[in-house]
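Survey of secondary and tertiary structure
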Amino acid sequence: KNTIDDTSPGTGTKDSPFSSFVTALNTVSDGGTIYIIGNADINSNEGIEGANGETLPFVINKSVTIEGADGNMASLSTRTAGFILGADVTFKNIKFGLANPARNAIFANGHRLELINCGKDGDDNSGGREVNVFAGGVPNSSATTGDSSEIIINGTCSSYDSIYGGSMDTSFNK
């Protein structure tokens with residue numbers, strides 16, 4: 001189990017949480033859980049891919065559950081072009097702060113994406129954007145494409161803009 005609290009650099013336990021989502025993701029075992037206390041921000045230079053200055057989504061390359069600690073709501077924010085899965089991922093009790101106006105999205109990329117009590121962080125006046133969900137991916141991403149997308153959305157706090165069966169800017173048939 002890995003825990004994140006942006007205010008405390010630590011070892012990843014609840015009593016000594018990591019201060020970085022990227023550190024927690026790099027440390028968690030495949031199939032493990034990352035617990036977020038309060039909020040976690042992915043800095044603009046962490047985990048961003050790019051070719052010729054193009055910003056792509058942040059890659060989550062492990063099968064992992066990401067959830068608010070102790071059953072509480074937590075925030076996961078990034079200025080990257082959203083998130084793209086390289087493995088099956090579950091988000092639970094997460095409010096997404098996706099600041100990129102062009103790609104405020106989560107891309108299942110042929111993997112299983114489960115969203116339980118998730119939605120946008122903030123309101124329209126604070127830059128909060130509704131989250132778009134895609135079964136497919138985006139071109140030029142290093143994320144491993146899965147064989148068949150499955151998107152599960154559940155919970156009373158779930159709120160999304162649009163849900164697409166395909167990809168953004170490319171063809172997708174999985």
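Each chain has its residues counted from 1, following the order in which its sequence is written. Given that this is a predicted model, residues contribute local features only at a pLDDT of at least 70 and side-chain atom pairs are listed and counted only at 80 or more, while totals for whole chains, interfaces and linings are drawn from all residues. Water and hydrogen atoms play no part in the side-chain values, which are based on all heavy atoms of the structure.

**Topic: the overall build of the protein**
In this text, helices come from DSSP runs of H or I with a minimum length of four residues, and strands from runs of E with a minimum of two, each type numbered from the N-terminal end. Counting its regular elements, the protein contains 1 helix and 15 strands. Residues are treated as being in contact if the distance between any of their heavy atoms lies within 4.5 Å. Considering only contacts within the protein whose residues lie at least 6 apart along the sequence, 69% involve residues at least 24 apart. Using a 1.4 Å probe, accessible areas were evaluated by the Shrake-Rupley method; residue-level cover was limited to the displayed protein chains. Counting every atom, the protein has about 7,800 Å² of accessible surface; 41% of that belongs to carbon and sulfur.

**Digging into the pairing of strand E3 (residues 39-42)**
Buried, partly exposed and exposed residues are distinguished by accessible area as a fraction of the type maximum, computed with a 1.4 Å probe on protein chains only: under 20%, between the cut-offs, and over 50%, respectively. Along E3, the buried face is formed by Ala40 and Ile42; none of Asn39 and Asp41, which line the opposite face, is buried. Pairing between E3 and strand E6 (residues 74-78): 4 bridges, direction parallel. Considered in E6, the bridge of asparagine 39 is made with serine 75. Two strands are said to pair when DSSP picks up at least two bridges between them.

**What to know about the nonpolar core**
For the purposes of this section, nonpolar cores are sets of buried Ala, Val, Leu, Ile, Met, Phe, Trp, Tyr and Cys residues that join through side-chain atoms within 4.5 Å. By size, the foremost hydrophobic cluster in this structure holds 31 residues, and its most contacted members are Ile60, Ile66, Leu76, Phe91 and Phe96. If one sorts the elements of this core by residue count, helix H1 (residues 21-27) sits on top with 4 residues. Not counting residues within four places of it along the chain, the set of residues in contact with isoleucine 60 comprises Leu25, Ile66, Phe83, Ile84, Leu85, Gly86, Ala87, Val89 and Phe91. Core analysis: the next-biggest nonpolar cluster, separate from the first, contains 9 residues, Leu56, Ile84, Ala105 and Met168 among them.

**A few points about the packing of aromatic side chains**
Whether two aromatic rings pair depends on their centres lying within 6.5 Å, for rings of Phe, Tyr and Trp, where Trp uses its six-membered ring; planes under 30 degrees apart make the pair stacked, over 60 edge-to-face, and the rest tilted. Overall, the coordinates contain 7 aromatic pairs when judged by the stated rule. Centroid distance phenylalanine 58 to phenylalanine 83: 6.1 Å. Interplanar angle 80°. Geometry classified as edge-to-face. Pair noted here: phenylalanine 58 is in strand E4 (residues 58-60) and phenylalanine 83 is in strand E7 (residues 83-85), with a separation of 25 residues, a long-range link. In this structure phenylalanine 58 comes out as buried when scored by relative accessible area, which is 3%. Ring geometry for phenylalanine 91 and phenylalanine 96: centres 5.0 Å apart, planes at 80°, overall edge-to-face. Across the pair, exposure class does not vary: phenylalanine 91 and phenylalanine 96 are buried alike. Ring pairs connect the aromatic residues Phe21, Phe58, Phe83, Phe91 and Phe96, which therefore count as one cluster.

**A short note on the environment of glutamate 130**
Relative to the helices and strands, glutamate 130 resides in the loop between strand E12 (119-120) and strand E13 (132-134). Spatially, the C-alpha atoms of glutamate 130 and serine 159 are 7.2 Å apart, while their sequence positions differ by 29 residues. Non-local contacts of glutamate 130, meaning those with residues more than four positions away in its chain, are made with Asn104, Lys120, Ser159, Tyr160 and Asp161.

**Some words on the sheet that holds E13**
The 5 strands lie next to each other as E4-E7-E10-E13-E15, forming an open sheet whose pairing is parallel. Edge positions in the open sheet fall to E4 and strand E15 (163-164), since each of these has one partner strand only. As paired strands, E4 and E7 are joined by 3 bridges and run parallel to one another. Within E7, the residue paired with valine 59 across the bridge is isoleucine 84.

**Overview of the environment of asparagine 93**
Counting through the fold element by element, asparagine 93 comes out in the loop between strand E8 (89-92) and strand E9 (94-98). You can call asparagine 93 buried: its relative accessible area is 7%. Discounting residues that sit within four places of it in the chain, asparagine 93 has contacts with Gly68, Gly71, Asn72, Met73, Ala74, Ile116, Asn117 and Cys118. For asparagine 93, the side chain forms a polar contact with the main-chain oxygen of glycine 71, separated by 3.4 Å. Residues adjacent in sequence count toward polar contacts only when both atoms are side-chain atoms; beyond that, a polar contact is any pair of N or O atoms within 3.5 Å, and within protein one must be able to donate a hydrogen and the other to accept it.

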